[in-house]
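Remarks on the overall topology
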Amino acid sequence: MTTSDVINPATEELLRTVEQTDLAGVDDAVARAKVAQRDWARRAPAERAATLRDFAAVVDAHVDELAALEVANSGHPIGNAQWEAGHVRDVLQFYSASPERLSGKQIPVAGGLDVTFNEPLGVVGVITPWNFPMTIASWGFAPALAAGNAVLVKPAEWTPLTTIRLGELAVEAGVPADLFAVLPGKGSVVGERFVTHPDVRKIVFTGSTEVGTRVMAGAATQVKRVTLELGGKSANIVFDDCDLEKAAATAPYSVFDNAGQDCCARSRILVQRTVYDRFMELLEPAVKGVVVGDPTDKATEMGPLVSKAHWETVAAYVPDDAPVAFRGDAPSGPGFWFPATVLTPPRTDRTVTDEIFGPVVTVLPFDDEADAISLANDTPYGLSGSIWTDNMSRGLRVSRAVESGNLSVNSHSSVRYNTPFGGFKQSGLGRELGPDAPLSFTETKNVFIAIGDA
Ligand code: NAD
């Protein structure tokens, strides 16, 4: 059995050594999940709903424990981690209503009765990234279980601890152990086996566009269903008619939250040229005001990067001669700390086009609405974005023109459990969350019953 070391990114201390699931372990889990799924799907809808509500209640009772574990494993500030654990509870609560509401349709046809059923797919494999381990896992497992499926979750190698704990809490809540199992391990072993195993009927993959493309290609050989949530390089568009003070004060939090390790990070700030200088004057104190430090401290707003390897990737985007406008502070000593960094590069620079996934933002001036839209769309990604303007006609026009799945006007919100979330273009395929998510874990079956003559 191989193992993997889990490191606290704020202290560089070894937290735990986690056993890695091998191929035989995956195949065994799939076989057991297949049996458990049949039993689960046969249970009364109200019984499945009650089990999911019980799961939500057990998560609620362990919010502090889960949050502390995420702080230690991922370096998330404690306030954020508590929100994340509470979000898992809310996602479970929301989808606990679904088993009793997946009602299908009765369609008027000649000669009989025509009805549709939303049949579960079977065993679903959920592959998660390291940036928001437990929330992203829940976006897959909660609606999939609600729709009558079994779920196997493979957490990212660096951050498996909260997902492993959620697996234990599920059992405590009465979810059958074989129905919902967490399989820590390598992407090249567990993740790839989910893709090749014929009894895994759907993959929910969240991670890089590079790996997501491979997952989709592999799934195609079995016409396996996929939902993909991939990378982003989102724009925060600031027009000269907006509340500039508010736009500048909030911009750091739209990109430096979770130390920029956020697929929705607004990592390109586009500012109308007429207010560019004033915006930069306002942005500087806002960036320097972000509280960076010990993630266990309630006042902390930004923690360290997740690992040494990721720190090196991010640091490579800020060489000594980088066009740095200004930077925030970061602790010295142990931990993978990186200061919030504001760059003013030319439009074609790789810091403008690559997803850096760290606390590095580029600020670019634009001339008019058409220029802003074309700059915002000049990327293969299309996940989120913000538009700042007091002209609501413009707010709506630009929202419709930006090729992105999740936009906000005069705010930076993007993820709510009750609204759909996902990407345009190479940011993904399909949608998670919102009222329709359970449907993406079902097949529509149409049944026609002939009515004989009296
Ligand atoms: P990654 O693609 O390296 O890994 C994601 C997961 O895939 C991990 O669990 C990994 O072990 C697994 N994996 C690796 N190789 C695999 C393979 N060959 N087959 C199957 N699985 C494999 O991504 P990451 O570095 O963990 O996460 C960062 C990326 O995730 C960023 O690009 C970010 O934008 C993206 N992300 C997207 C969303 C979204 O909702 N759109 C949310 C969070 C993160």
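All values derive from a computational prediction rather than experimental measurement.

UniProt tags Glu 229 as "active site" (unreviewed entry). If we skip the residues at most four places from it in the chain, Glu 229 touches Phe 205, Thr 206, Gly 207, Leu 383, Phe 421, Gly 422, Gly 423, Ser 427, Gly 430, Arg 431 and Glu 432.

What follows concerns the site of the ligand. Looking at the ligand, there are 28 residues lining it, with Thr 128, Glu 157, Ser 208, Leu 230 and Glu 355 nearest. For the ligand, a nitrogen atom lies 3.2 Å from a polar atom in the side chain of Arg 214. Between a nitrogen atom of the ligand and a main-chain N or O atom of Leu 230, the distance comes to 2.8 Å. Looking at the shell around the ligand, the elements that each hand over two or more residues are helix H7 (187-196), strand E8 (200-206) and helix H8 (209-220). Its residues placed into classes, the shell around the ligand shows 14 nonpolar, 8 polar and 6 charged. Counting contributing residues per domain, the shell around the ligand is built from domain 1 (3-230 + 423-448) and domain 2 (235-409), each supplying no fewer than three.

What follows deals with helix H6 (residues 161-172). Between the first and last C-alpha of H6 there are 17 Å, a value that for 12 residues agrees with the 16 Å anticipated at 1.5 Å per step. Burial analysis of H6 places 9 of its 12 residues in the buried class, which makes it a mostly covered element. If you check which residues of H6 are buried, you get Leu 161, Thr 162, Thr 163, Ile 164, Arg 165, Leu 166, Gly 167, Leu 169 and Ala 170. At the exit of H6 stands Gly 174, carrying a positive phi of roughly 105°.

Before going further, it helps to examine the state of the cysteines. As enumerated under the stated definition, the model contains 0 disulfides in all. Its sulfur unpaired, Cys 264 is 4.2 Å from the next cysteine sulfur, which belongs to Cys 263.

Let us now look at the sheet that holds strand E3 (residues 106-107). Strand order in the open sheet formed by 3 strands is E3-E4-E18, with antiparallel pairing between adjacent strands. Looking at the sheet topology across the chains shown, the edges are occupied by E3 and strand E18 (442-450). Sheet topology places E3 next to strand E4 (residues 112-120); 2 bridges connect them, and they run antiparallel. If you follow Ile 107 over to E4, its bridge partner there is Asp 114.

Judged by nonpolar contacts, the single largest core of 65 residues is most densely connected at Phe 55, Leu 92, Phe 141, Leu 152, Phe 180 and Ile 203. Taken domain by domain, this core gets at least three of its residues from each of domain 1 (3-230 + 423-448) and domain 2 (235-409). Once residues within four sequence positions are removed from consideration, Leu 152 is found in contact with Ala 29, Val 30, Ala 33, Val 123, Val 124, Gly 125, Val 126, Ala 181, Leu 183 and Phe 194. In this structure, Ala 248, Ile 269, Leu 283 and Val 318 belong to the second largest nonpolar core, which totals 38 residues.

Applying the stated rule across the entire model yields 25 salt bridges. Residue Glu 47 pairs with Arg 43 through a salt bridge whose shortest N-O separation is 3.6 Å. Connected via shared salt-bridge partners are Asp 241, Glu 369, Arg 394 and Arg 397.

Strand-to-strand pairing in sheets goes through backbone hydrogen bonds, with the strands running parallel or antiparallel. Overall, mixed pairing links the 6 strands, which are arranged E7-E6-E5-E8-E9-E17 in an open sheet. Where the open sheet ends on each side, the last strands, each with one partner, are strand E7 (180-182) and strand E17 (428-429). Pairing between strand E5 (residues 123-127) and strand E6 (residues 150-154): 5 bridges, direction parallel. Residue Val 123 lies in a different strand from E6, and its bridge partner there is Ala 150. Helix-sheet contacts for H7 involve E5, E6 and E8, and the interaxial angle to E6 is about 155°.

To describe a pair of aromatic rings, you give the distance between the ring centres and the angle between the ring planes. The tally for this structure, following the rule as stated, stands at 10 aromatic pairs. Their ring planes at 75° and their centres at 5.0 Å tell us that Phe 94 and Tyr 95 sit as a pair that is edge-to-face. On the accessibility criterion, Phe 94 (26% relative accessible area) is partly exposed. Seen in terms of ring centroids, Phe 94 and Tyr 417 are 5.3 Å apart; in terms of plane orientation they differ by 55°. Their pairing is tilted.

What counts and what doesn't
Residues numbered from 1 in each chain as written. Predicted model: local features only at pLDDT ≥ 70, side-chain atom pairs only at ≥ 80, totals over all residues. Heavy atoms only, no water. UniProt positions renumbered as here; feature names shortened; annotations may be inferred. Contact = heavy atoms within 4.5 Å. Near = heavy atom within 4 Å. Polar contact = N/O pair within 3.5 Å; in protein donor to acceptor, adjacent residues only side chain to side chain. Helix = DSSP H or I, 4+ residues; strand = E, 2+ residues; numbered from the N terminus. Nonpolar A, V, L, I, M, F, W, Y, C, P; charged D, E, K, R; others polar. Domains from an automatic or database assignment. Expected span 1.5 Å × (residues − 1). Buried < 20%, exposed > 50% of the residue type's maximum accessible area, 1.4 Å probe, protein only. Disulfide = S-S within 2.5 Å. Pairing = 2+ DSSP bridges. Core = buried A, V, L, I, M, F, W, Y, C linked by side-chain atoms within 4.5 Å. Salt bridge = Lys/Arg side-chain N within 4 Å of Asp/Glu carboxyl O. Axes fitted to C-alpha atoms, helices over the stretch in contact; angles between N-to-C directions. Phe/Tyr/Trp six-rings, centres within 6.5 Å; stacked < 30°, edge-to-face > 60°.

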